[in-house]
Amino acid sequence: MKHLLDTSSLSREDAIGILDIAEEMTQVSTREVKKLPVLRGRTVVNLFFEDSTRTRLSFEAAAKRLSADVLNFSAKGSSVSKGESLQDTVQTISAMGADAIVVRHSAAGTAQRLADTGWIDVPVVNAGDGTHEHPTQALLDAFTLRRALGGFPASGAAGEGPRGLGLDGAKVAVVGDILHSRVARSNVHLLHRLGADVHLIAPPTLLPWGAQTWPVTIHYDFDEALGSVDFDAVMMLRVQHERMHESFFPNAREYSRLWGLSESRLRRLPKEAFIMHPGPMNRGFEISAAAADSPRALVLDQVENGVSVRMAVLYRLLTGQEETID
Ligand code: CP
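Not measured: the values here are computed from a predicted model.

Q: An account of the overall build of the protein chain is requested, with residue identities and associated values reported.
A: Within the protein chain one finds 11 helices and 9 strands. For the protein chain, the C-alpha radius of gyration of 19 Å lies close to 20 Å, the compact-globule estimate for 326 residues. Across its three principal axes, the protein chain shows a C-alpha extent of roughly 55 × 50 × 35 Å. Out of the 326 residues in the protein chain, the part that is buried amounts to 45%. Partitioning the intrachain contacts of the protein chain with sequence separation of at least 6 by distance along the chain shows that 74% fall at a separation of at least 24.

This is how it looks when you write it as structure tokens:
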């Protein structure tokens with residue numbers, strides 16, 4: 001595995017390998033040892049052409065916990081505003097010494113382009129490319145769900161946790177703006193590959209063309225879906241106004257009434273069901289405060305686990321190690 005560009009081409013074995021390494025990384029960071037020396041002398045570049053809080057900071061934390069140096073680039077305030085191209089930007093930063101590039105860009109395919117063009121010759125990690133994919137988000141979501149459902153470790157026998165489910169057969173609903181969501185796309189591929197039963201719940205206008213061919217069950221009515229399936233987890237998505245023309249903005253009150261995880265829908269969920277959201281959340285729009293702050297919400301676990309999962313990805317790509325930490 002040279003790059004991490006998407007989950008659509010990530011094998012089940014590679015995905016489980018990353019989740020298992022992430023489990024070890026979590027154990028390391030909760031022990032006395034706060035840092036591993038495995039990437040000492042290496043430099044990870046965070047190249048962000050779109051805004052981010054969670055992804056950029058957790059890649060930085062992950063790299064530092066592995067003792068790597070970090071260079072953070074943000075397009076805002078950079079020479080991109082003077083017309084510098086993607087190629088020149090990447091090669092300029094690379095000339096300062098980069099051993100891995102983590103890239104977020106509004107154009108789908110940017111990470112693939114960096115991996116394919118030969119402008120640089122280091123591992124590339126896709127931190128979100130337009131509406132295409134966000135593979136580390138899906139990996140941290142799978143990791144969080146696997147832990148919550150008691151399925152660790154997923155690589156061998158069934159988990160010994162309280163529900164013994166792992167992800168095999170877990171019923172996961174992804175709700176909302178699927179059309180613009182790279183998180184949804186990455187999760188559909190990965191969760192399906194890990195054995196989950198994935199359901200998409202959305203208005204027809206917020207589903208991409210071709211979603212009918214994905215390995216999912218589609219519902220056009222949130223209440224009907226809640227009445228017919230006992231979900232193990234419900235993953236709410238933000239409506240991405242920044243990727244829509246103003247004339248297509250859904251009415252906030254109507255959207256929230258039809259597609260939001262309100263307090264009453266929260267009560268209708270099975271009482272063991274978990275609530276997830278990749279963030280940032282729009283409280284009162286796609287998710288109520290009651291749901292976001294519920295003891296069943298895994299939102300902050302997702303953020304916390306993001307560091308371990310990104311440590312595992314950097315470790316895997318930069319050391320070539322497939323399983324355990326030396
Ligand atoms: N989930 C996610 O990608 O969040 P950020 O945009 O804050 O990185």
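This is not the end of the story, as more comes after the structure.
Q: I'd like a rundown of the environment of Asp-230, residues and numbers included.
A: Structurally, the position occupied by Asp-230 is in the loop between helix H7 (222-228) and strand E8 (233-236). Considered as a pair, Asp-230 and Ser-9 are 221 residues apart in the sequence and their alpha carbons are 30 Å apart. Setting aside anything within four residues of it in sequence, one finds Asp-230 in contact with Lys-171 and Pro-270.

Q: I'd like a description of the UniProt feature "binding site: L-aspartate" (unreviewed entry) in the protein chain, backed by residues and values.
A: The positions UniProt marks with the feature "binding site: L-aspartate" (unreviewed entry) are Lys-82, Arg-182 and Arg-238. Spanning 157 residues, the named residues do not form one spatial group; their C-alpha atoms are separated by as much as 32.0 Å. Discounting chain neighbours no more than four positions away, the residues touching Arg-182 are Gly-128, Asp-129, Gly-130, Thr-131, His-132, Glu-133 and His-134. Relative to the elements of secondary structure, Arg-238 occurs in the loop between E8 and helix H8 (252-259).

Q: Describe in detail the nonpolar core, supporting the description with residues and values.
A: Counting residues in hydrophobic clusters, the biggest one holds 90 residues, and the most contacted among them are Val-175 and Leu-314. Among the elements that make up this core, the one with the highest residue count is helix H11 (residues 299-319) (9 residues). Residue-level mapping places this core at the junction of two domains, with at least three residues from each of domain 1 (12-133 + 303-319) and domain 2 (135-298). Discounting residues that sit within four places of it in the chain, Val-175 has contacts with Ile-201, Ala-202, Phe-222, Val-234, Met-235, Met-236, Leu-237 and Trp-259.

Q: With reference to specific residues and values, describe the UniProt feature "domain: Aspartate/ornithine carbamoyltransferase Asp/Orn-binding" (unreviewed entry) in the protein chain.
A: Taking the UniProt record as the reference, the feature "domain: Aspartate/ornithine carbamoyltransferase Asp/Orn-binding" (unreviewed entry) is found at residues 169-316. Secondary structure content for residues 169-316 is 37% helix and 14% strand, and the end C-alpha separation is 28 Å.

Q: Could you give an account of the site of the ligand, with specific residues and numbers?
A: Taken together, Ser-52, Thr-53, Arg-54, Thr-55, Gly-128, His-134, Gln-137, Pro-278, Gly-279 and Pro-280 make up all the residues around the ligand. Grouping the amino acids of the shell around the ligand by side-chain chemistry returns 2 nonpolar, 7 polar and 1 charged.

Q: Go over the domain arrangement of the protein chain with me, naming the residues and quoting the values.
A: Per the domain assignment, the segments making up the protein chain are domain 1 (12-133 + 303-319) and domain 2 (135-298). For domain 1 and domain 2, the distance between their C-alpha centroids amounts to 25 Å. The interface of domain 1 with domain 2 comprises 25 residues on the first partner and 23 residues on the second. Those elements giving two or more residues to the side of domain 1 that touches domain 2 turn out to be helix H1 (12-30), strand E4 (124-129) and H11. Here the side of domain 1 that touches domain 2 gets 8 residues from one element, more than from any other, and that element is H1.

Q: Before we move on, can you summarise unusual backbone geometry with the specific residues and values?
A: Of the consecutive residues Gly-279 and Pro-280, the connecting peptide bond is found in the cis state with omega at -5°. Mapped onto the elements of the fold, Pro-280 is located in the loop between strand E9 (274-276) and helix H10 (289-292). Positive phi, close to 70°, is recorded for Ser-67, a residue that is not glycine.

Q: Give a detailed account of the sheet that holds E4, specifying residues and quantitative values.
A: Here we have 4 strands laid out as an open sheet, ordered E2-E1-E3-E4, and parallel in their pairing. Edge positions in the sheet fall to strand E2 (69-74) and E4, since each has one partner strand and no second. For this sheet, the mean inter-axis angle between neighbouring strands, taken without regard to orientation, is 10°. Two strands pair when backbone bridges link them, and strand E3 (residues 100-105) and E4 are joined in this way by 4 bridges, in the parallel orientation. By the bridge assignment for E4, His-105 is matched with Asp-129. The strands touched by helix H2 (residues 54-65) within the sheet are strand E1 (43-48), E2, E3 and E4, with E1 carrying the most contacts at an inclination of about 175°.

Criteria and thresholds
- Residue indices follow the written sequence of each chain, beginning from 1 at its first position.
- The predicted nature of this model means local features are confined to residues of pLDDT at least 70 and side-chain atom pairs, given and counted, to a pLDDT of 80 or more, with totals for whole chains, interfaces and linings taken over all residues.
- Under the scheme used here, helices are H or I runs from DSSP no shorter than 4 residues and strands are E runs no shorter than 2 residues, and both carry numbers assigned from the N terminus.
- Here the globule rule is a power law, 2.2 Å times the number of residues to the power 0.38, and the radius of gyration is based on C-alpha atoms.
- Partly exposed residues are those whose C-beta has more than 12 but fewer than 20 other C-beta atoms within 10 Å; 20 or more makes a residue buried and 12 or fewer makes it exposed, with C-beta atoms placed from the backbone.
- This entry defines residue contacts through backbone-placed C-beta atoms, with two residues in contact when those atoms are within 7 Å.
- UniProt positions are given in the numbering used here, feature names are shortened, and annotations may be inferred rather than shown by experiment.
- Joined through C-beta atoms within 7 Å, a set of buried Ala, Val, Leu, Ile, Met, Phe, Trp, Tyr and Cys residues constitutes a nonpolar core.
- Boundaries between domains were set according to an automatic or database domain assignment.
- In this entry, near means the residue's backbone-placed C-beta atom lies within 6 Å of the molecule or strand.
- Amino acids are sorted into nonpolar (Ala, Val, Leu, Ile, Met, Phe, Trp, Tyr, Cys and Pro), charged (Asp, Glu, Lys and Arg) and polar (every other residue, Gly among them).
- Whether two strands pair comes down to DSSP finding at least two bridges between them.
- Helix axes are fitted only over the stretch in contact, all axes being lines through C-alpha atoms; the angle between N-to-C directions runs from 0 to 180 degrees.

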